[in-house]
Amino acid sequence: MLLTHATLATMDPRSGTDGYGLIPEAAVAISGAQIAWAGPMADLPAAFRHLPERDCGGRLVTPGLIDCHTHAVFAGHRAVEFELRLKGASYEEIARAGGGILSTVTATRAATEDQLLALALPRIDQLIASGATTIEVKSGYGLTVEDELKMLRVARRIGRSRPVTVRTTHLAAHAIPPEFKGQARAYIDNVALPSLRAAHAEGLVDAVDAFCETIAFSVDDLAPLFAEARAMGLPVKLHAEQLTDQGGAAFAARHQALSADHLEYLSPAGIVAMAAAGTVAVMLPGAFYTLRETQVPPIAALRTAGVPMAVATDLNPGSSPLASLTLAMNMACTLFRLTPEEALSGTTTHAARALGLTDRGRVAPGLRADLCLWDADHPAELSYRIGATPLHHRIFGGRLD
Ligand code: DI6
Ligand code: FE
C-alpha cells in the first residue's frame, strides 16, 4: 500500500523541522506489516510507485497510538460509589461498606475468563476508536494466584480478539486483599511471587508492576518481587509517588525500570535517578482529574532533566474510567501543561519506550506499519479537541481497518 498526499508526523525530529518530524505532501510505502519508506512525495523512489495508492487528501498521518498503562480487565463498575461520593460519603466510609478497589476485586474474582473478556472488549474497542494500535493491560484485581492468572489470560486473549497488540503486565502487588490485611510481606511471598512464577511459566507476563504507596506496598516490601522479576529477565515498572513520596521512582530506577507512573509527588532525587536510568515518566492525567488532585507532576523539572514523558489513560474503574487516548492527551496539556507535541510523543515514541518496544512509535522504514489517519491537518488538533476523536482510519500491521 502507498499512502500519498499525507501530512505526515513521523515523530522523528530528524525527518522534519520540529519534534513532530512533520512532512507536508508526504508518502508512506507499506510492504506487508512494515513501513518500507516514508518521506516527501517528490522523493518517492521508483520502486514504490507501482504500489496500490491511497490518497490521504492532506489528512494527518501519525504513528498508531500506544496506551502504555491500563487496567482494562475488571468486572463491575464504581459508578454508584462516584455518586455516593458526590452526595458526601467519604472514601473511607465507602471502603468500610465493601466499596473501593476491593469491590472490583470481589467482582473480578467472581467472574469467569469469558465474562471478563466480554467486559473488557468494549473498553478496548473505545481505545482503538481513539487511535490505539498497542495497549498495555495489567492484572491486579485478582490478588490470588489463580485470579491473577485468569486476568492475564484474558489480557492475552484480547490481543487475539482485536487488531491491536496487547502487552501484559503482572500487577499482583496492586493492593493487599482482606485475607492478608496488615501483612504486606506475607502477601508478596504467598501470592505475588508464586503468581509471577506461574504466569511467567505460562508465557503470560511481558513486565512486572506494583503499587508503591502507604496504602499499598513499600519499597522494602517490593524488593524481593523486583529482584525476582529482573532475575527472570522481565522488565519492571512502578506506580510511584501518586499520593505521597515513597522513594518509589528511585527504587524503580535502581531496577532499570522501563517507567515510573503517576509521579505527582516525585522528588528532585527521583528525577535524577530516572534520568540516569533512562526510566520513562508516565503521566496519567485521568487519575489526577478523577481524584481532583491538585499537585501537578514536576513537568518542567522532568523536561529539564531530559526524562522522556509518556501519556496514558490508566483506564480503571476507580481512579480513571477514561477510555480515550486523545482525551488523555488533552488532559495532559490542559492539566499538566504538556505541549501538544509532547502529548503526541507521549502516546507514540515515548509510550513505545515505556513498554520496551523498539519496533514502533515512529514512522520510519523497518518499523511496524501501525498508523493513524486523522480528519485533521495539524497534529496539535489531536490534543486540542475535548473528547472528540477525529480518527479517520487506522492501519494495524499494514492492514487498513
Ligand atoms: N493507582 C490508581 O490510581 C489505581 N491503581 C493504582 O495503583 C486505582 C485502581 C482502583 O481504584 O481500582
Ligand atoms: Fe494504574
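Just so it is clear, the model here is predicted, and its values are computed rather than measured.

Novice: How should I be thinking about the site of ligand 1 in this particular structure?
Specialist: Lining the immediate surroundings of ligand 1 are Arg78, Ile101, Tyr141, His174, Phe211, His239, Gln242, His262, Asp314, Asn316, Gly318 and Ser319. Gln242 places a side-chain nitrogen or oxygen 3.0 Å from a nitrogen atom of ligand 1. Protein contacts shield 94% of the accessible area of ligand 1, which totals 320 Å² for the unbound molecule. Here the residues of the shell around ligand 1 are counted per class, giving three nonpolar, seven polar and two charged.

Novice: Whenever I open this one, the pattern of salt bridges confuses me. Can you help?
Specialist: Proximity of charged atoms lets side chains of opposite charge pair with each other. Under the counting rule described, the total for this entry stands at 23 salt bridges. The residue Arg303 makes a salt bridge to Glu342 at a minimum N-O spacing of 2.6 Å. One end of the pair, Arg303, is in helix 11 (residues 299-305); the other, Glu342, is in helix 13 (residues 340-346), with 39 residues separating them in the sequence. One salt-bridge network, in which partners are shared between bridges, spans Glu113, Asp114, Glu146, Arg153, Arg157 and Glu202.

Novice: Sorry if this is basic, but what is going on with the domain arrangement of the chain here?
Specialist: One frequently used descriptor of interface size is the decrease in accessible area upon assembly of the parts. Taken as a whole, the chain is organised into domain 1 (2-63 + 362-400) and domain 2 (65-354). Measuring from the centre of the C-alpha atoms in domain 1 to the corresponding centre in domain 2 gives 30 Å. Facing 25 residues of domain 1, the contacting portion of domain 2 comprises 24 residues. Carbon and sulfur atoms supply 62% of the area that domain 1 and domain 2 bury against each other, a total of about 1800 Å² over both sides. On the domain 1 side of the contact with domain 2, Met11, Ser383 and Arg394 bury the most area, a combined 31% of that side's loss. For the interface between domain 1 and domain 2, the tally reads zero salt bridges. Put simply, domain 1 and domain 2 have nine residue pairs in polar contact (both at pLDDT 80 or more) between them. Broken down by secondary-structure element, the contributors of at least two residues to the side of domain 1 that touches domain 2 are strand 5 (60-63), strand 14 (371-374), helix 15 (380-384) and strand 15 (391-396). Here the side of domain 1 that touches domain 2 is composed, by residue class, of 14 nonpolar, five polar and six charged.

Rules and cut-offs
Residues numbered from 1 in each chain as written. Chains lettered and ligands numbered in written order. Predicted model: local features only at pLDDT ≥ 70, side-chain atom pairs only at ≥ 80, totals over all residues. Heavy atoms only, no water. Near = heavy atom within 4 Å. Polar contact = N/O pair within 3.5 Å; in protein donor to acceptor, adjacent residues only side chain to side chain. Areas by Shrake-Rupley, 256 points an atom, 1.4 Å probe, with all protein chains shown as cover. Nonpolar A, V, L, I, M, F, W, Y, C, P; charged D, E, K, R; others polar. Salt bridge = Lys/Arg side-chain N within 4 Å of Asp/Glu carboxyl O. Helix = DSSP H or I, 4+ residues; strand = E, 2+ residues; numbered from the N terminus. Domains from an automatic or database assignment. Contact = heavy atoms within 4.5 Å. Buried area = accessible area lost by both parts, 1.4 Å probe.

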